[in-house]
Amino acid sequence: MEVKTKSLLDNMIGVGDMVLLEPLSEDSFIENLRKRFDHNEIYTYIGSVVISMNPYKSMLIYSPEKVEEYRNRNFYELSPHIYALADEAYRSLRDQDKDQCILITGESGAGKTEASKLVMSYVAAVCGKGQEVNKVKEQLLQSNPVLEAFGNAKTVRNDNSSRFGKYMDIEFDFKGDPLGGVISNYLLEKSRVVKQPRGERNFHIFYQLLSGASDDTLKKLKLERDFSKYNYLSLDSAVVNGLDDATSFRTVRNAMQIVGFMEDEVQSVLELVAAVLKLGNIEFKPESRCNGTDESRVKDKNDLKEMCELLGIEQSVLERAFSYRTVEAKLEKVSTTLNVAQAYYARDALAKNLYSRLFSWIVTRINESIKAQAKTRHKVMGVLDIYGFEIFDDNSFEQFIINYCNEKLQQIFIELTLREEQEEYIREGIEWTNIEYFNNAIICDLIENHQNGILAMLDEECLRPGTVTDETFLDKLNTVCAEHQHFESRSSKNSKFLTDHSLPHSCFRIQHYAGKVLYRVEGFVDKNNDLLYRDLSQAMYKANHSLIKHLFPEGNPAKVNLKRPPTAGFQFKASVGTLMRNLQTKNPNYIRCIKPNDKKAPHIFTESLVCHQVRYLGLMENVRVRRAGYAFRQAYEPCLERYKMLCKRTWPHWRGPAREGVEMLMADLQVPAEEFSYGRSKIFIRNPRTLFFLEERRRQCLQDLATLIQKIYRGWKCRTHFLLLKKSQIVVAAWYRRYAQEKKYLKIKRATTVVQSYTRGWQARKLLRELKHQKRCKEAVTTIAAYWHGTQARMELRRLKQEVLNKHAVTVIWAYWQGTKARRELRQLKEAARNKHAVSVIWAGWQGTKARRELRRLKEEARRKHAVAVIWAYWKGLKVRREYRKFFRANAGKKIYNFTIQRIMQKYFLGLKSTLPSMSPIDKNWPVRPYIFLDGVHTELRRIFHLWRCKKYRSRFTEEKKAVYEEKLEASELFKDKKALYPSSVSQPFKGDYLEISKNPKYQKLNSSVDEKVLLADVVNKINRANGKGATRILLLTKKNVVLADQKTGQVKASVALPDLTSVSVSTQNDGFFALRLKEGSASAVKGDFLLSSEHLIETITKLHHIGSAGSDGEQLNVDIADEFLVQFKQDKVCVKFIQGAPKNGNGVSCKRKNNRLLEVSVPASA
Ligand SMILES: Nc1ncnc2c1ncn2[C@@H]1O[C@H](COP(=O)(O)OP(=O)(O)O)[C@@H](O)[C@H]1O
Ligand SMILES: [Mg+2]
């Protein structure tokens, strides 16, 4: 297709290539840029470097027609365009097999990301087509919206600023068809997740999700559409002009689908985004602890709960991780509490980590989809779009890192364009005057030097034990870097900054190649450490959510790693190092982006701003080196190969050295000598015009050559065609002749055959006749011979037959004679046999008769013998009976009787032995009597057995036990059938010392005040005489005294000598009341008798009675049992009367003073 466009050199606005600028000065340079910018020419070259001005408006220069226009055209052939650079890079990748990289640099907002997308879309448009290839292209292109949604944000510089560095390797096969790609991402600015500077926004995805997701999706994610509900979203710039978050959300979802995200993966990603929003809403409040410190507590648990539900985390685990922190050291685990500030720090650290890990996961996931399948060697085109140089009012760790990266890129630019170029001239021995340029290696060294670079110092601070703060880090910088030319700080040793008030104390300043940047050290240590408390990572690992578990592998308790993870600075330095090494292996193509104004507005060209960028990008030096040098260079061999057709002597083959060939060529073309130089291995062409001239001549020459080739080819083709026709004609003639001859030959052959067949037929017939005659003669002879032989044979046969007949007759006669003889003999033998049989029969008959006769005789004999034996036995019996009758009557009956009785008794005793009851005296069992006549014996035996086992039982008693039983016996004598309380006391053992008075330290005093052994110690109720209510007392009983003491203090209240007791009165009923009646006039009787109630009444009274009866004077203590008795209270005698009350709950006995003379005790009837 013939495309009409301006060439680089035709009616240009300003100049298209700064190399051609005349005169060259900074002013004219900027003026040229402005002029072009005003005329919508945003691209300008410096040799092969493209300068791109951000138009801040959409341009009509990216249409498919434009793509076609720039496709396969020489770089300088058309007006400057980013497509020309892309085309050049793509073609040298495809045709010359050189890996390429496209380095796009410039400030934030200068148009780098747009440029990278333009390059990619151009390459996608010009490379191969086909179903598979289109799919790969689509995936590569669609990875952009996804990454931009998660990694871009609105900043004051750029509404769609990339907050991460991106390097994408696109891989091609030998035909130049894309196979896939690999994306590397660099340091996402994750601090943005939790806090954004004024006028900026969080990452796009948060706003896109809230604006674009359906109500249903939001409900599932537990989100609300209102931005103001979320602490992490800054409000002041939630809506950005020209950005439609809702539409973008659909674009992103669609792109994710094309890139190959599964539906559940998208859902997981959105859940994580929602979780980050929720996390920002969790707030903390202090809670005082007893040691005076404050501990943080989650304020409102609803957001926490919803977040935990989203991620499948157990709420208590996360809640704990916000209040405590476990520090592990070797074998120890120490848990410390977090205060509110620390809790907020932990929350933000978690949010940042969650988001940045999610982002890295997305990149990995995209890589998985777009990775090239084939294992063959790929050609690679790398596109680097990394964050631009940033100078803000407040610069922190992120800016420091970003600017470091830009320093490195500038370094590689210098290396590859300026220094490399100059070095090449020297290497090639080309005369050359050195151009001064600023080499920023010294700044790179200030930052990255292993020993004393700023990053190394920061790492050293972070890893050092002891208290580490941003200030100590600054102090360290002040001592280590003070002398450095590019380092400035107020308190450094360098006295010249002591009075510089533009330099605050907590800051340091670096003179970057692009200008001075003031960094505030606050947060450097924290951000470099990038610490996430282990409790949080473990909580995340425990989540029942496939993606989140995957993002926090260090939370796996099985893989506890006490080593610190590498710092953020260290990681970044390492990845930048790898990137630089990678770029150095590739052929670089530069796009230098320039921002025309700070207002993001079209048509405005702020000269000072552009001038600043032109300076620090070193563009002037770039032009100077280019101009001082040569626009084009090429090794002699390829140069000769390319242009050898321009000279007759070098065309078509040059046999000598390549350099001489090129010299011949240049001389022949009469190129002026100042336009080129011969290097050692290359020719250097000063001006692009010369190159265009050569190219043009080559193009013309190629056309001539093409015509020549066409001519020769056509001639060759016609000749070949003619020769072919000629050859064919001969073949056809030959074939025809052959055919005609063949036909004639066949005719003759057929005639010959006919004649031949006739002759042969006649001859054959003649022969046949002769042969037939001969045959007939032969047959006649044979017949005659046969007949003669027949006659002879028959005669012989007859003779033989006669002979045989004779022989047969003799045999027959012989046989007959033999037969007759045999039959005669047979008859004789039969006769003899018959005779013999008759004799046997007769014999047998006789023998039978004899035997029967004998049998009859023997039977008769046996009967006779039996009769004799029977008769003999009768007679014998008769004789014995007659003899023994007299003895039998006298003794036998008695003997048999005795024997029988003896047997029965024996059986009875043995039976009894095996069925005896147990040895327990209370066992009532006794076997059943077997015979009536044994009745008496049986009862007697039972009695004896019982006595015997009682004796046995008694013999096992110890003295104490005996005493106890004696007491029990005494109780029985006293109370049995007299008091209703008695039966229930039988089974209770008498313990006596219920209070364990000697052991219990509480009663030590009381115990010491009683001299003798305590026989009974129990708590009793002393009944108040006035109102009948009870008061608890301790009752002690010794051999001589009854003592009443206070239960609490143990103080003795009353002590009664036993002789002073006259009697004890109790009721007949089921109560524990008893009255101790005292001897009138005795010392104890001053206050009157005691009315008491005890739980162990039976035991107490029995013991009293026992001691009384055992006393030396032998005076018995009376026990009166009656339902009414008199008690002496001081002067009065009061009647105590027991009545039966209704059975009540609790079975309580109540006592009431009825009047002066009567105290009524109501005892519930026992059930
Ligand atoms: N070639 C271009 N044509 C039209 N607008 C552009 C072009 N390059 C940049 N822009 C505008 O400038 C803005 C910033 O560009 P971007 O590439 O994101 O900057 P950087 O990546 O350098 O920070 C874009 O959002 C777009 O509006
Ligand atoms: Mg960008």
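Cut-offs and rules
- Residues numbered from 1 in each chain as written.
- Chains lettered and ligands numbered in written order.
- Predicted model: local features only at pLDDT ≥ 70, side-chain atom pairs only at ≥ 80, totals over all residues.
- Heavy atoms only, no water.
- Helix = DSSP H or I, 4+ residues; strand = E, 2+ residues; numbered from the N terminus.
- Rg over C-alpha atoms; globule rule 2.2 N^0.38 Å.
- Buried < 20%, exposed > 50% of the residue type's maximum accessible area, 1.4 Å probe, protein only.
- Contact = heavy atoms within 4.5 Å.
- Areas by Shrake-Rupley, 256 points an atom, 1.4 Å probe, with all protein chains shown as cover.
- Lys, Arg positive; Asp, Glu negative; His and termini not counted.
- Charge placed at Lys NZ, Arg CZ, Asp CG, Glu CD.
- Polar contact = N/O pair within 3.5 Å; in protein donor to acceptor, adjacent residues only side chain to side chain.
- Pairing = 2+ DSSP bridges.
- Axes fitted to C-alpha atoms, helices over the stretch in contact; angles between N-to-C directions.
- Nonpolar A, V, L, I, M, F, W, Y, C, P; charged D, E, K, R; others polar.
- Near = heavy atom within 4 Å.
- Core = buried A, V, L, I, M, F, W, Y, C linked by side-chain atoms within 4.5 Å.

Draft legend 1. Examining the overall build of the protein chain more closely. Within the protein chain one finds 31 helices and 31 strands. Here the protein chain has a C-alpha radius of gyration of 68 Å; the compact-globule value for 1167 residues is 32 Å, and the former is much larger. Projected onto its principal axes, the C-alpha coordinates of the protein chain cover approximately 180 × 175 × 55 Å. The 1167 residues of the protein chain split such that 44% are buried. The long-range fraction of contacts in the protein chain, counting pairs at least 24 apart against all pairs at least 6 apart in sequence, stands at 63%. Approximately 66400 Å² of the protein chain is accessible, and the part contributed by carbon and sulfur atoms is 55%. Considering the protein chain, the positive charge centre built from 190 side chains and the negative charge centre built from 138 side chains are found 21 Å apart.

Draft legend 2. Geometry of the side chain of glutamine 100. Mapping glutamine 100 onto the fold places it in strand E3 (residues 100–105). Note on glutamine 100: relative accessible area 0%, which makes it buried. In terms of polar contacts, glutamine 100 uses its side chain to reach the backbone carbonyl oxygen of lysine 98, at 3.1 Å. A distance of 2.9 Å separates polar atoms of two side chains, one belonging to glutamine 100 and the other to asparagine 589. Apart from the residues lying within four places of it in its own chain, the contact partners of glutamine 100 are Ala89, Ser92, Leu93, Val380, Met381, Gly382, Lys586, Asn587 and Asn589.

Draft legend 3. Geometry of the pairing of strand E2 (residues 49–53). With respect to burial, E2 is a largely interior element, 5 of its 5 residues being buried. The alternating pattern of E2 places Val49, Ile51 and Met53 and Val50 and Ser52 on opposite faces, both of which are buried. Here strand E1 (residues 43–46) runs beside E2; their pairing, made up of 4 bridges, is antiparallel. For threonine 44, the partnering residue across the bridge sits in E2 and is isoleucine 51. With antiparallel pairing between neighbouring strands as the criterion, E1 and E2 make up a hairpin whose turn holds 2 residues, including glycine 47 at a positive phi of roughly 60°. Direction of pairing for E2 relative to strand E16 (residues 587–594): parallel, over a ladder of 4 bridges. Bridge pairing in E16 places valine 50 opposite isoleucine 591.

Draft legend 4. Representation of the packing of helix H14 (residues 397–428) against helix H16 (residues 454–463) within the structure. Look at H14 against H16: their axes get within 12 Å of each other, and the N-to-C directions meet at 140°. Here Phe397, Phe400, Ile401 and Tyr404 of H14 come into contact with H16, specifically with Ile454, Leu455 and Leu458. Among the residues forming the contact of H14 with H16, the class breakdown is 7 nonpolar, no polar and no charged.

Draft legend 5. Structural context of the site of ligand 1. Every one of the 15 residues lining ligand 1 counts as a neighbour, but Asn54, Gly109, Lys112, Thr113 and Glu114 are closest to it. At a separation of 2.7 Å, an oxygen atom of ligand 1 approaches a polar backbone atom of glycine 109. Taking alanine 110, its main chain carries an N or O atom lying 3.2 Å from an oxygen atom of ligand 1. For ligand 1, whose unbound accessible area comes to 550 Å², protein coverage reaches 83%. Here the shell around ligand 1 is built from residues that sort into 4 nonpolar, 7 polar and 4 charged.

Draft legend 6. Main features of the environment of histidine 545. Relative to the assigned elements, histidine 545 resides in the loop between helix H19 (534–541) and helix H20 (546–551). In sequence terms histidine 545 and leucine 311 are 234 residues apart; their C-alpha atoms lie 5.7 Å from each other. With near-sequence residues (within four places) excluded, histidine 545 lies in contact with Ser268, Glu271, Leu272, Leu310 and Leu311.

Draft legend 7. Inspection of the nonpolar core at higher detail. Membership of the largest hydrophobic core comes to 187 residues, with the highest contact counts inside it found for Phe29, Phe150, Leu318 and Phe508. The element best represented in this core is helix H13 (residues 340–370), accounting for 15 residues. Once you skip the residues sitting within four places of it in the chain, leucine 318 turns out to touch Leu304, Met307, Cys308, Ile313, Leu350, Leu536, Ala539 and Met540. In terms of nonpolar packing, the next biggest core, distinct from the first, is built from 30 residues, Leu1044, Phe1074, Phe1090 and Ile1101 among them.

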